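What follows is the residue order along each chain.
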Amino acid sequence: MQESILIPLSLVFAYLAILVVIAEKLNNLGATDTELTRKVVHIGSGNVILIAWWFGIPALPILIASGIASCVALLSYALPILPSINSVGRKSLGTFFYALSIGILTAAFWSTMPKYTVIGILTMTWGDGLAALIGQRFGTHKYQIWGISKSWEGSLAMFLSSYFIIVLIFANTGVSWQIVGITGIVALVATALEALSKLGVDNLTVPLGSAFLAYYLCDILLHQP
């Protein structure tokens, strides 16, 4: 492995290690509820994709990390591994889908169009994470779809955070009505996918839906994926 890649990889692993240690300490001290701790890790760990993008880390290390994380996530549903992230017997595959989606998006876009990997991952981490946190804390206006209970406050947080993230990523493309329209459509679809999810499947549908939809809309409207 090239020496220039070792430094950013070390930064990624150090960042993730610190994040997990903080989450475990908070969980052990009872300083916060377990769901809040999970969302802190959920949002914080997704930000490593920005480090990878900034330093040009190749796809292979990300794919290997995604595979390892997927295996650990599956084991954590049966064994007491990282209880701040998963609890044994928890009826959600969200952590597994989280790691899996990173691997899929990396394989699909990272080598040639990494911005779509970043769009998918950050829409999942920040959008879905803030939707859950705000919905749980301030979600007084509830609605149900197919027996799934959500709040308008949480869905609004999902839409706004997704829109803001995608606008920032597209910033170097320039502002145009096409970019505004693409961003709005992708954010709206991501919000709908999050609202319709259960058992953590939004950690798969939101990032994949956001990334692939953004790619195809840019290809159709801008002719420059």
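For the structure given in this document, a descriptive report is provided here.

Calculation notes
- Residues numbered from 1 in each chain as written.
- Predicted model: local features only at pLDDT ≥ 70, side-chain atom pairs only at ≥ 80, totals over all residues.
- Heavy atoms only, no water.
- Patch = residues over 30% accessible without salt bridge, like charges linked within 9 Å, V, L, I, M, F, W, Y side chains within 5 Å.
- Areas by Shrake-Rupley, 256 points an atom, 1.4 Å probe, with all protein chains shown as cover.
- Salt bridge = Lys/Arg side-chain N within 4 Å of Asp/Glu carboxyl O.
- Helix = DSSP H or I, 4+ residues; strand = E, 2+ residues; numbered from the N terminus.
- Buried < 20%, exposed > 50% of the residue type's maximum accessible area, 1.4 Å probe, protein only.
- Phe/Tyr/Trp six-rings, centres within 6.5 Å; stacked < 30°, edge-to-face > 60°.
- Contact = heavy atoms within 4.5 Å.
- Expected span 1.5 Å × (residues − 1).
- Axes fitted to C-alpha atoms, helices over the stretch in contact; angles between N-to-C directions.
- Parallel < 35°, antiparallel > 145°, perpendicular 65-115°, else oblique.
- Left-handed = near helix turned anticlockwise from the far one by under 90°.
- Nonpolar A, V, L, I, M, F, W, Y, C, P; charged D, E, K, R; others polar.
- Pairing = 2+ DSSP bridges.
- Core = buried A, V, L, I, M, F, W, Y, C linked by side-chain atoms within 4.5 Å.

1. Things to note about a nonpolar patch on the surface
And then number 1: On the surface, a nonpolar cluster with roughly 500 Å² of combined accessible area is contributed by Ile7, Leu11, Trp54 and Phe55.
And then number 2: If you list the elements that add at least two residues to the nonpolar patch, you get helix H1 (3–29) and helix H3 (48–55).
And then number 3: Looking at the secondary structure, you find Leu11 in helix H1.

2. Focus on the pattern of salt bridges
And then number 1: Going through the model one piece at a time under the given rule, you end up with one salt bridge.
And then number 2: One salt bridge in this structure joins Glu194 and Lys150, with 3.1 Å as the shortest N-O distance. Here Glu194, found in helix H8 (residues 177–195), pairs with Lys150, found in strand S2 (residues 148–151); they are 44 residues apart in sequence, far enough to count as distant. Each of the two residues, Glu194 as well as Lys150, counts as buried.

3. Some points on the packing of aromatic side chains
And then number 1: Counted by the stated rule, this structure contains eight aromatic pairs.
And then number 2: Judged by centre distance (5.7 Å) and plane angle (50°), the rings of Phe96 and Phe97 are tilted.
And then number 3: Using a relative accessible area of 18% as the deciding quantity, one classes Phe96 as buried.
And then number 4: Among the aromatic residues, those joined into a cluster by ring pairs are Phe109, Tyr116, Phe212, Tyr215 and Tyr216.

4. So, the environment of Ser70
And then number 1: Structurally, the position occupied by Ser70 is in helix H4 (residues 59–76).
And then number 2: Residue Ser70 is classed as buried on the basis of its relative accessible area, which comes to 9%.
And then number 3: Remark: the alpha-carbon pair of Ser70 and Ser101, spanning 31 residues in sequence, is separated by 9.6 Å.
And then number 4: Every residue in contact with Ser70, bar those within four places of it in the chain, is listed here: Phe96, Ala99 and Leu100.

5. Concerning H4
And then number 1: Helix length check: H4, at 18 residues, gives a terminal C-alpha distance of 25 Å against a target of 26 Å (1.5 Å per residue), a fit within 8%.
And then number 2: Among the residues of H4, Ala59, Pro61, Ile62, Ser66, Ser70, Ala73 and Ser76 are the ones counted as buried.

6. Concerning the environment of Ala131
And then number 1: Turning to its location among the elements, Ala131 is positioned in helix H6 (residues 114–138).
And then number 2: Along the chain, Ala131 and Phe159 lie 28 residues apart, while their C-alpha atoms are 8.6 Å from each other.

7. Here's the deal with the packing of H6 against helix H7 (residues 152–169)
And then number 1: Between H6 and H7, the least distance of the axes is 7 Å, while the angle of their chain directions is 155°. Here H6 lies roughly antiparallel to H7, going by the angle between them. Relative to H7, the crossing made by H6 is right-handed.
And then number 2: Considered class by class, the residues forming the contact of H6 with H7 number 13 nonpolar, six polar and three charged.

8. What to know about the pairing of strand S1 (residues 142–145)
And then number 1: The sheet contact formed by S1 and S2 spans four bridges and is antiparallel. Along S2, the bridge assignment pairs Tyr143 with Lys150.
And then number 2: Once S1 ends, the chain turns through two residues before running back antiparallel as S2, passing Trp146 with a positive phi of about 55°.

9. Observations regarding the nonpolar core
And then number 1: Core analysis: the biggest nonpolar cluster contains 43 residues, and Trp110, Tyr116, Ile119, Phe170 and Ile182 have the highest contact counts within it.
And then number 2: Within the residue set of this core, elements represented by two or more residues are H1, H3, H4, helix H5 (94–110), H6, H7, H8 and helix H9 (202–221).
And then number 3: Considering each element in turn, this core owes the most residues, eight residues, to H9.
And then number 4: Residues within four places of Trp110 in sequence aside, it is in contact with Ile49, Ala52, Trp53, Ile57, Pro58, Ala59, Ile62, Leu105, Thr117 and Val118.

10. Some words on the packing of H7 against H8
And then number 1: At a closest axis distance of 8 Å, the pairing of H7 and H8 adopts a crossing angle of 145°. When the axes of H7 and H8 are compared, the crossing they make is right-handed. Residue-level inspection shows Ser155, Met158, Phe159, Ser162, Tyr163, Ile166 and Val167 of H7 in contact with H8, the latter providing Val180, Thr183, Gly184, Val186, Ala187, Leu188, Ala190, Thr191 and Glu194.
And then number 2: Of the residues belonging to the contact of H7 with H8, the class tally is 10 nonpolar, five polar and one charged.

What is shown is where atoms sit, not what they do.
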